[in-house]
Amino acid sequence: MSGGSRLLGWLKAPLRLVLALVILFEEWGWAPLQRLMARIARLPPLRQIEALIARAPPYVALVVFFVPTLALLPVKIGALWLVAHGQKLLGVLVIAAAKVVGTALMARLFTLTQPALMRLPWFAALYGRWSAWKEALLAWVRSSAVWRTMRAWRRQWRERLRRWRAG
């Protein structure tokens, strides 16, 4: 095994873990943030915009789906600039806020654009591969001893809280 292959082998597990944490955050926040955005979208002007988005043809839907990601990129770069210039807490807070806002927007926009996007054969194929890869990664995390231990602790704390509330 060459030095580069060994380095790649060592980096694979930490990289997999970081990706799993990002995806777990997305999974954790996706549904509740999408519901929040749906409630906000009940406002009349937003309802009309959502109706337009939902009727968009596939390539327009693709642009609409990816624009928020690109729009948040300067915010994230600005946050990194803050961190680099000594404003670590502010920079991290801006990155976290951008992540939450981005996840909320992506969740809602995907809900609206998914039917149109799935009419693009290449997108449907990529989405299928992404979903399978994501599920395999999440299965790997969920099968870990750390995950199972954390779930057990969470169940114990919920049971204690339930008993305490019952008094």
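Each remark here, short or long, concerns the structure printed above.
This structure is a prediction, so every number in the text was calculated from the model and none was measured. (Residues numbered from 1 in each chain as written. Predicted model: local features only at pLDDT ≥ 70, side-chain atom pairs only at ≥ 80, totals over all residues. Heavy atoms only, no water.)

**Q** Even after reading the chapter, I still don't get the overall build of the protein chain, so can you show me in this structure?
**A** Assigned secondary structure in the protein chain consists of six helices and zero strands. Going residue by residue from the N terminus, the α and β elements of the protein chain occur as α-α-α-α-α-α. Across its three principal axes, the protein chain shows a C-alpha extent of roughly 65 × 45 × 40 Å. A buried classification covers 25% of the 167 residues belonging to the protein chain. Across the protein chain, contacts joining residues at least 24 apart in sequence account for 72% of those joining residues at least 6 apart. Only carbon and sulfur atoms are counted for the fraction: they give 71% of the accessible area of the protein chain, which is about 12,100 Å². (Helix = DSSP H or I, 4+ residues; strand = E, 2+ residues; numbered from the N terminus. Buried < 20%, exposed > 50% of the residue type's maximum accessible area, 1.4 Å probe, protein only. Contact = heavy atoms within 4.5 Å. Areas by Shrake-Rupley, 256 points an atom, 1.4 Å probe, with all protein chains shown as cover.)

**Q** Explanation requested: the pattern of salt bridges in the structure shown.
**A** Any two side chains of opposite charge can pair if their charged atoms end up close together. Applying the stated criterion to the full structure yields three salt bridges. One salt bridge in this structure joins R162 and E159, with 2.4 Å as the shortest N-O distance. In this pair, R162 and E159 both sit in helix α6 (residues 145–166), three residues apart, roughly one turn of the helix. Residue E159 pairs with R163 through a salt bridge whose shortest N-O separation is 3.6 Å. On the criterion of helical spacing, the pair formed by E159 and R163 is a turn pair, its members being four residues apart in helix α6. Connected through shared salt-bridge partners, E159, R162 and R163 make up one network. (Salt bridge = Lys/Arg side-chain N within 4 Å of Asp/Glu carboxyl O.)

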